[in-house]
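Inside the fold
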Amino acid sequence: MQAFEWEKPVLALEERIAELKQFVDGAEMDFSAEISHLQRKAAKLRKEIYENLTPFQRVTMARHPKRPTTLDYINLLFDEFTELHGDRTFRDDGAIVGGLALFEGLPVTVIGPQKGRDTKENIARNFGLPHPEGYRKSLRLMKQAEKFGRPIITLIDVVGAFPGIEAEERGQGMAIAQCIEEMSFLRTPILSIITGEGGSGGALALGVGDRVLMLENAWYSVISPEMCATILWRDSSRAAEAAELLRLTPTDLLKFGIIDDVITEPLGGAHRDHAFTGMQIRSFMRRYLATIMKIPVDRLVEERLARFRRIGKFSERSLADL
Amino acid sequence: MQAFEWEKPVLALEERIAELKQFVDGAEMDFSAEISHLQRKAAKLRKEIYENLTPFQRVTMARHPKRPTTLDYINLLFDEFTELHGDRTFRDDGAIVGGLALFEGLPVTVIGPQKGRDTKENIARNFGLPHPEGYRKSLRLMKQAEKFGRPIITLIDVVGAFPGIEAEERGQGMAIAQCIEEMSFLRTPILSIITGEGGSGGALALGVGDRVLMLENAWYSVISPEMCATILWRDSSRAAEAAELLRLTPTDLLKFGIIDDVITEPLGGAHRDHAFTGMQIRSFMRRYLATIMKIPVDRLVEERLARFRRIGKFSERSLADL
Amino acid sequence: MLNVFKGRPKYATVRPQEGSERKDFPDNLWTRCDSCGRMIFNKELEKNAFLCLDCGHHFRLTGRKRLAMLTEEKDFEALPPLLAVNPLAFPGYPEKIRQAQEQTGLDDAAIMGKTAVKGSPCILGIIDFSFIGGSMGSVVGEQLVRGFERALKERLPVVIFSGGGGGARMHEGIFSLMQMAKTAQAVGRHSRAGLLFISVLTHPTMGGVYASFASLGDVILAEPGALIGFAGPRIVQETTRQELPTGFQTAEYALAHGMIDAIVPRSKMVDYVGRLLLWHR
Amino acid sequence: MLNVFKGRPKYATVRPQEGSERKDFPDNLWTRCDSCGRMIFNKELEKNAFLCLDCGHHFRLTGRKRLAMLTEEKDFEALPPLLAVNPLAFPGYPEKIRQAQEQTGLDDAAIMGKTAVKGSPCILGIIDFSFIGGSMGSVVGEQLVRGFERALKERLPVVIFSGGGGGARMHEGIFSLMQMAKTAQAVGRHSRAGLLFISVLTHPTMGGVYASFASLGDVILAEPGALIGFAGPRIVQETTRQELPTGFQTAEYALAHGMIDAIVPRSKMVDYVGRLLLWHR
Ligand SMILES: [Zn+2]
Ligand SMILES: [Zn+2]
């Protein structure tokens, strides 16, 4: 598994411990106290490292190639996923998957962008960058969920909508706008979970939930750190600095009232333990679904609208007052 | 102007009369009685010919190159036509035009397939054969009309939806189905007028009106006479026979309860006098619009549905009863 | 109506008797697979849900065989039967009907009734291609509409297997065209009441069948390889004078172009439909 | 708020004074047309609605000039002003804002108010590109939402001229992104009450502005040649490494691809919008 730069001290220590253990297996003296002391120290180091990640380190975690993808999460969270395809207009976009599934016995509609897990799949899924028809498929499935009063779960992991010629021709901006608008008024509960990357309008198009949750090592921003760095300094390699400025971590977003809760990941990131991550998400889903499913649908929609209506920071004064 | 075979006797007679008049202009004798007698005879002949047209002769009239097209009718019937474009998804289809216009001061939405009036326009308009995006544009404009409670006028002149590769890929059948379904439930008055050709599902997709009117020399059928002849006898040149079988004339369709009224054309066809044809249609529109605009919208939709619900001929018996 | 289900004499038109029915797959003969060329003994084919034992090719099913795969006799209550008339006095039409009736043992192309699939009650319809290409005339249209109306009244989902290769039934002219509106509206009423419609497109679903009710499913499924489209491939080729792309108008093509939700092999169809019904109860 | 309209001191932020405003087209100079190269005396340009006298090229207009073309001082009641704050403590943002304010004489990029166009009352909004690229931060978002809310309350139509080249305002980070949802929802509430929204896309309308309220008009108009799209052309080119088609992302391109209703030259815009408003009264 690919190791991050910042993990190297703890990985080196863990390696030493492993070597030591192998060595003492053949020895007669008892080193167990020393070993367990070292192990505690390694765990502490690991914890320290992961509690002090920089925003860009979290962005990097969110992009780990072994991090669970949407289909992995669907497998971890639901039973009997039945994928439904197509926008009924132009194409089935592999970069967004959606369909019906059971969440602990409850039929739900689940939708999310899908990155490829290998080169071949990446090509089929356009590296997880959706075209307008992906958003149109999503909207179709959401309206279907609304018709049947089924809760909607969106799992968000997308760097952004695809900036391509055909995507522009087929109305990328318009499709996103329509998704956002129609999702806002859907008369059914919506739970959005940002599982990895939450990039710009391409993420928001799936993120107009009654509750918005976020994994610990996910990010959500108006612009990717790289693009931001390019705009500010014409230098995408300064993405780490941009990531600091953008305040894109769950901690900041929770403080800002953009998200409702942070789902803790296993130490070292979701990719280290898919099953545990799935269990974590499940327990949050159970709780938040129960909450929003209890709210009468009229109030639910009003509260959803009010939630976004509130967002924004400005001063009521005018230049003339200054 | 292109003359039809069956017009030739009367055209020949009229030519003689013209010659005679020219001749007598220089003569001293009074031929006025004879001439007016001849003129009456010619008029009678013309009337006889046009009252006894075969179905296929009417089909031919409906296709006359100088017959008014939808945009011609829009000019004749409305003021300040403001064309609105696009399906907001893929393309603006030139084979269907639509927009806002004033009908005697009343804002309405008007939509119809548009044939080209010359080669260049025919290419731009795909010879009046719509793609799915044309039907999607139509549906978009109809829903807009519904939102604002504006009456919809559809002017139908289309041999059929385009049987092309891309049209199939983009869901020709699905687009037509959606148009038919959604048009059926629109909460606004709809007046459909078949002005020329009414070919199959491509025409019906615009024809789910509260009242359906038809010009005297228009046709409306499940299949074009040529295609029917091809299926029956593998010989499209026997279209005239097929046209007899299909009962596609306004007279038959009125009898069957498919249409509500027949708009008379100038003797010899709409192409002989656009302005007069426009006046004729206007007076029918005035009357039928007034009727359907008076009906409360709930009842209007129920009656529209009931209108189509009734259509169909069958026996309640079973083979077992025979 | 159906020989396989003789238990409901009130609605069952059991003419002609089973012996006179033309069999697509006579018991003791072999059939060659259109797709891979393998010769298969018909009894084997029947056992295998009329799927090729080698390549999985989906042989066309008669309506009654399809019905037998989906539900059981005791669970199927057919709608009252209807018979076609000849509203245009179209020459040869009554003979065509009579011949189709004799060959299929059906009144017309639609089998409609109330049943349960995998334990979930629903209105089930099957359009049988072997009855004049599964084309939709007044009888098929009316049967479908009555099916949706019954479903609306009893708040049941509807499942229709459409194998309407001809689309509209030309011999009924404008009456046939109007069935498109009539059936689409029946779907609309049912849908607007919040009820489920599963449309399954079997080989072939074309023309006026595809361009009306069959396209309006909440979920649209198709069997592998089924031809799905509006204009027939020959007409498309003649009109455009272009070579048709590989797989043009197949179910796989429709899936790639976003028109259908899923392709479901026949062997999994009952479970798939049953699951959807269950999740919408 | 606006120097051109000094009559409403309560809402008018008249700082800086007219003299300090950077002029796009100083009175006594000439400007070269980007499109045909002709040199035009600025006074002539102003008289001609900032259209090139030769080729009709649409020069970019400041919000206040646009406003002056659409309505008259006595008819315009601006919404209460709002000022940007720096929610992320983004370095340099306050200076950027101050500079934009000094250059434009506006509080922020949106001019919003109640007025009448050709005699039809409406809420009119103009996004001014010259204020940080017309980007949408919290102030623009809030102003738009208040405009739609006011319109909803008084059952008025809304007309917005969007020249948001930057889309979202990066310096406000996630708050800026959320304005997309907030404004789209405001359109949605207004629209669901049966009210008209005319969205006019002026050069350039991109990113988060295009992908939210600006795409949600009942009628979407554009000025000739306006750049319209989601991703910027440079990003598209860098991502796809393909040559961009001629006219990519122009208004004409958007029209051909079905995204907008009509292209309306500036000289006809007031009449066009006025007619639509009149027909929806
Ligand atoms: Zn085979
Ligand atoms: Zn110029």
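All figures in this text were calculated on a predicted structure; none of them were measured in a lab. (Residues numbered from 1 in each chain as written. Chains lettered and ligands numbered in written order. Predicted model: local features only at pLDDT ≥ 70, side-chain atom pairs only at ≥ 80, totals over all residues. Heavy atoms only, no water.)

1. Topic: the coordination of the zinc ion (ligand 2)
All names here are of chain D.
- Surrounding the zinc ion (ligand 2) are the protein donor atoms C33 (SG), C36 (SG), C52 (SG) and C55 (SG), which sit 2.3 Å from the metal.
- Note that the zinc ion (ligand 2) binds four donor atoms; their angles at the metal cover 104 to 113 degrees, and the shape is tetrahedral.
- Positions of the donor residues of the zinc ion (ligand 2) along the chain correspond to the pattern C-x2-C-x15-C-x2-C. Of this pair, C33 sits in the loop between β1 (30-32) and β2 (39-41) while C55 sits in the loop between α1 (42-47) and α2 (63-70), and the two are 22 residues apart along the sequence.
- For C33, a relative accessible area of 2% corresponds to the buried category. (Donors = N, O, S within 2.8 Å, 3.2 Å for Na, K, Ca; no water. Tetrahedral: all angles 85-135°; square planar, octahedral: opposite > 155°, others 65-115°. Helix = DSSP H or I, 4+ residues; strand = E, 2+ residues; numbered from the N terminus. Buried < 20%, exposed > 50% of the residue type's maximum accessible area, 1.4 Å probe, protein only.)

2. As for the coordination of the zinc ion (ligand 1)
Residue and element names in this part refer to chain C.
- At the metal site, the zinc ion (ligand 1) is ligated by C33 (SG), C36 (SG), C52 (SG) and C55 (SG), and these contacts range over 2.3 Å.
- Note that the zinc ion (ligand 1) binds four donor atoms; their angles at the metal cover 104 to 113 degrees, and the shape is tetrahedral.
- One chain supplies every donor to the zinc ion (ligand 1), and in sequence these donors are spaced C-x2-C-x15-C-x2-C. Residue C36 is located in the loop between β1 (30-32) and β2 (39-41), and its partner C52 is located in the loop between α1 (42-47) and α2 (63-70); the two are separated by 16 residues in the primary sequence.
- Assessed through its relative accessible area of 38%, C36 is described here as partly exposed.
- Exposure remark for C52: the relative accessible area of 3% places this residue in the buried category.

3. Focus on the domain arrangement of chain A
Residue and element names in this part refer to chain A.
- Domain parsing of chain A yields domain 1 (5-52) and domain 2 (59-309).
- Using C-alpha coordinates to define each centre, domain 1 is positioned 37 Å away from domain 2.
- Each partner contributes residues to the interface: domain 1 has seven residues there, and domain 2 has five residues.
- Each partner contributes to the roughly 500 Å² buried at the junction of domain 1 and domain 2, and carbon and sulfur atoms together form 67% of this total.
- It is W6, R46 and Y50 in domain 1 that bury the most area against domain 2; as a group they hold 73% of the surface buried on that side.
- Our count for the domain 1 to domain 2 interface comes out at one salt bridge. (Domains from an automatic or database assignment. Contact = heavy atoms within 4.5 Å. Buried area = accessible area lost by both parts, 1.4 Å probe. Salt bridge = Lys/Arg side-chain N within 4 Å of Asp/Glu carboxyl O.)

4. A few points about the interface of chain C and chain B
- Across the boundary between the two partners, chain C contributes 61 residues, which contact 55 residues of chain B.
- Seen at the junction of chain C and chain B, the total is five salt bridges.
- Of the charged contacts in the structure, one is a salt bridge between R309 of chain B and E149 of chain C, with a shortest N-O distance of 2.6 Å.
- Along the contact surface separating chain C from chain B lie 17 residue pairs in polar contact (both at pLDDT 80 or more).
- Elements supplying a minimum of two residues to the side of chain C that touches chain B: α4 (138-154), α5 (173-192) and α7 (233-240) of chain C.
- Across the side of chain C that touches chain B, the residue classes break down as 34 nonpolar, 16 polar and 11 charged.
- Bridging between strand β9 (residues 314-315) of chain B and strand β4 (residues 83-84) of chain C involves two bridges; their strand directions are antiparallel. Within β4 of chain C, the residue paired with F314 of chain B across the bridge is A84 of chain C. (Polar contact = N/O pair within 3.5 Å; in protein donor to acceptor, adjacent residues only side chain to side chain. Nonpolar A, V, L, I, M, F, W, Y, C, P; charged D, E, K, R; others polar. Pairing = 2+ DSSP bridges.)

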